[in-house]
Amino acid sequence: MPTIFDLPSSDRAAFPVPEYNVADHEPLPDELLSFDDVLPNISEREVVRHYTALSQKNYSVDTHMYPLGSCTMKYNPKLNERIASFGGFTQLHPLTRADHAQGALEILWELSSMLSEITGMKEFSLAPAAGAHGELAGVMIIKKFFEEKGEKRRIILIPDSAHGTNPASVAMCGFEVRQVPSTREGDVDIRTLERLINDNVAAMMLTNPNTLGLFEQKVIEIASLLHSKGALFYADGANLNALMGKVKVRDMGFDLMHLNLHKTFSTPHGGGGPGAGPIGVSEELTKYLPVPVVIRDGDKFFLDYERKSSIGRIHSFYGNFLICVRAYAYLKRLGASGIKTTAETAVLNANYLRARLKGAFYFPVDRPCMHEFVITDKGLPHGITTNDIAKRILDYNFHAPTVYFPIHVSGAIMIEPTETESKQSLDAFADALLSIRKECEENPELVRNAPFTTPVKRVDAVQAARKPVLTWRK
Ligand SMILES: *Cc1c(COP(=O)(O)O)cnc(C)c1O
């Protein structure tokens with residue numbers, strides 16, 4: 001599609017500047033009267049058509065399947081959007097006195113209670129604005145916990161399969177990262193972990209299911225190893241959609257965790273919009289939660305600023321309120337049994353896809369997965385790579401899966417269908433990948449030079465990163 005500057009232009013204009021009728025005036029400078037050099041001469045109707053056509057080129061969960069592993073790009077019911085847009089929520093001033101905002105506070109309190117019920121954590125703060133922000137709050141809590149005990153612990157352990165935000169949060173709080181390798185089965189290598197744990201270890205951060213979509217089989221053993229040395233166990237809860245209603249995070253031995261409301265609980269994301277990463281803690285750690293925490297006294301709800309060991313404020317007011325409203329509406333509508341079914345369906349869908357792709361692609365770990373799984377480009381003919389597969393799938397009208405993550409698996413292609421896709425769309429996606437696999441043998445040039453049907457064809461990724469063209473020049 002041509003850019004707006006490349007559209008055929010003549011002397012048309014969207015807004016002709018009227019003749020001015022002021023008697024005594026300095027003549028306006030030419031550059032104010034003529035935009036010929038900077039703006040294209042096209043009519044308003046053409047502008048509208050151009051941008052409407054552009055908007056229709058958007059790819060989203062509302063138009064297509066979006067199997068991006070680790071991100072949980074699922075369809076989110078529009079009802080929750082609608083509820084979050086009610087005037088009573090959107091027009092509520094954040095400085096409204098608590099006794100005039102009881103309904104809003106009740107929603108926040110009930111949401112935290114539901115998250116506690118699902119995870120087994122004693123209390124949640126809804127303040128963090130993203131998963132990474134929740135992690136930061138969590139590591140600050142870990143830091144404060146040991147400071148108050150008068151212990152100087154320097155190290156936080158992180159598996160090599162971890163999301164990049166984990167080591168970043170650790171580093172931002174002044175701890176050192178020690179990486180724990182994975183076994184060939186995709187679990188944390190317990191033997192190495194035993195060697196790494198000592199009195200200098202403050203905590204371990206673990207994602208379960210991990211970024212390979214595998215349930216960490218030794219999680220209880222890891223928890224007792226850490227606790228035997230006085231260290232804390234942090235759960236990265238980004239993958240909770242595989243477990244909710246089935247197992248409580250606290251019961252696996254974790255002491256604190258974050259959730260991603262924008263992955264698990266009905267907030268659309270991917271465009272960089274607002275999110276929420278509530279931080280939940282065990283009883284022992286509640287005094288460190290960021291303020292304010294919403295509390296209940298009888299029928300009344302309050303914002304509690306009086307936690308003497310709190311890590312302080314980490315967000316203005318009480319976080320991204322409307323994201324919390326969406327999550328609240330979602331949980332209320334699903335109920336306890338719906339939450340369980342959601343997790344079960346997410347796992348079933350991933351395993352169905354996995355079974356359909358078996359034999360055609362290489363699986364670095366061959367065991368039942370949770371909500372997502374990883375295949376790789378190992379063994380593909382004619383030097384075809386993960387990148388080629390990701391490009392070719394665009395020609396089949398699918399968004400590409402996550403590629404080259406997790407980073408400890410070479411050429412990873414990480415697929416998460418989510419619970420919201422039907423068997424028909426799962427089959428269509430599997431058929432597309434199987435057809436591409438055939439093309440790898442029969443027509444490798446097609447795969448290597450794809451995509452052909454997208455507005456932008458194959459780009460030179462290195463040049464695009466090194467020499468990005470960010471401005472339009474005539
Ligand atoms: C997405 C994700 C994060 C970071 O969450 P954001 O909300 O993007 O900041 C952390 N860990 C894992 C495993 C994730 O998938």
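Residues numbered from 1 in each chain as written. Predicted model: local features only at pLDDT ≥ 70, side-chain atom pairs only at ≥ 80, totals over all residues. Heavy atoms only, no water.

Caption draft 1: Summary view of the overall build of the protein. Tallying secondary structure elements over the protein gives 15 helices and 12 strands in all. Counting only C-alpha atoms and orienting by the principal axes, one finds that the protein spans roughly 80 × 70 × 40 Å. In the protein, 70% of the contacts between residues at least 6 apart in sequence involve partners at least 24 apart. Carbon and sulfur atoms provide 54% of the accessible area of the protein, an area that totals close to 23,200 Å². (Helix = DSSP H or I, 4+ residues; strand = E, 2+ residues; numbered from the N terminus. Contact = heavy atoms within 4.5 Å. Areas by Shrake-Rupley, 256 points an atom, 1.4 Å probe, with all protein chains shown as cover.)

Caption draft 2: Layout of the sheet that holds strand S10 (residues 373-376). With respect to topology, 3 strands assemble into an open sheet ordered S10-S12-S11, the strand pairing being antiparallel. A single partner strand is all that each edge strand has here, and the edge strands are S10 and strand S11 (402-403). Relative to strand S12 (residues 412-415), S11 runs antiparallel, the two being bridged by 2 bridges. Within the sheet, the bridge partner assigned to Thr 402 lies in S12 and is Met 414. (Pairing = 2+ DSSP bridges.)

Caption draft 3: Looking closely at the side chain of Thr 267. By secondary structure assignment, the location of Thr 267 is in the loop between helix H10 (261-264) and strand S7 (279-281). By relative accessible area, which is 2% here, Thr 267 ends up buried. (Buried < 20%, exposed > 50% of the residue type's maximum accessible area, 1.4 Å probe, protein only.)

Caption draft 4: Layout of the packing of helix H5 (residues 102-119) against helix H11 (residues 321-357). The contact between H5 and H11 brings their axes to 9 Å, and the two run at 45°. Here H5 is positioned oblique relative to H11, judged by the angle of their axes. In this structure, H5 crosses over H11, and the sense of that crossing is left-handed. Contact residues: H5 offers Ala 104, Ile 107, Leu 108, Glu 110, Leu 111, Met 114, Leu 115 and Ile 118, while H11 offers Phe 321, Cys 324, Ala 327, Tyr 328, Leu 331, Lys 332 and Ile 339. By residue class, the composition of the contact of H5 with H11 is 13 nonpolar, no polar and 2 charged. (Axes fitted to C-alpha atoms, helices over the stretch in contact; angles between N-to-C directions. Parallel < 35°, antiparallel > 145°, perpendicular 65-115°, else oblique. Left-handed = near helix turned anticlockwise from the far one by under 90°. Nonpolar A, V, L, I, M, F, W, Y, C, P; charged D, E, K, R; others polar.)

Caption draft 5: Representation of the pattern of salt bridges. Overall, the coordinates contain 27 salt bridges when judged by the stated rule. Across the pair Lys 74 and Glu 419 runs a salt bridge whose closest N-O atoms are separated by 3.2 Å. With Lys 74 in the loop between helix H2 (44-55) and helix H3 (78-84) and Glu 419 in the loop between S12 and helix H13 (423-442), this residue pair connects regions lying 345 residues apart in the sequence. Per residue, the accessibility class of Lys 74 equals that of Glu 419, and both read buried. Counted as one network, the salt bridges with shared partners bring together Arg 356, Lys 423, Asp 427 and Asp 431. (Salt bridge = Lys/Arg side-chain N within 4 Å of Asp/Glu carboxyl O.)

Caption draft 6: Molecular detail of H13. With 20 residues, H13 ought to run about 28 Å at 1.5 Å a step, and its terminal C-alpha atoms sit 28 Å apart, in line with that. Along H13, the residues that are buried comprise Ser 425, Leu 426, Asp 427, Phe 429, Ala 430, Ala 432, Leu 433, Ile 436, Arg 437, Glu 439 and Cys 440. In this structure, the buried side of H13 is in contact with H11, helix H12 (386-395), S12 and helix H14 (444-449). (Expected span 1.5 Å × (residues − 1).)

Caption draft 7: Spotlight on the site of the ligand. Near the ligand lie 13 residues; those nearest to it are Gly 131, Ala 132, Asp 236, His 262 and Lys 263. Within the side chain of Ser 70, a nitrogen or oxygen atom sits 3.0 Å from an oxygen atom of the ligand. Asn 260 places a polar side-chain atom, nitrogen or oxygen, 3.0 Å from an oxygen atom of the ligand. Class assignment for the residues of the shell around the ligand results in 3 nonpolar, 7 polar and 3 charged. (Near = heavy atom within 4 Å. Polar contact = N/O pair within 3.5 Å; in protein donor to acceptor, adjacent residues only side chain to side chain.)

Caption draft 8: Just the nonpolar core, in detail. Counting residues in each nonpolar core, the largest one holds 58 residues, and the members touching the most others are Leu 193, Met 204 and Phe 265. Secondary structure elements with two or more residues in this core: H5, strand S2 (155-159), helix H8 (190-196), strand S4 (201-207), helix H9 (219-228), strand S5 (232-237), strand S6 (256-259) and H11. A per-element tally of this core places H11 first, with 11 residues. Residues from two domains meet in this core; each of domain 2 (78-334) and domain 3 (335-465) gives at least three. Ala 162, Met 205, Val 281 and Tyr 288 belong to the second-largest nonpolar core, a separate cluster that totals 28 residues. (Core = buried A, V, L, I, M, F, W, Y, C linked by side-chain atoms within 4.5 Å. Domains from an automatic or database assignment.)

Caption draft 9: Representation of the pairing of S6 within the structure. Burial along S6 is two-sided: the face carrying Leu 256 and His 258 and the face carrying Met 257 and Leu 259 are both buried. Pairing analysis gives 3 bridges linking S6 to S7, with the strands arranged antiparallel. What sits directly across from Leu 256, in S7, is Val 281.

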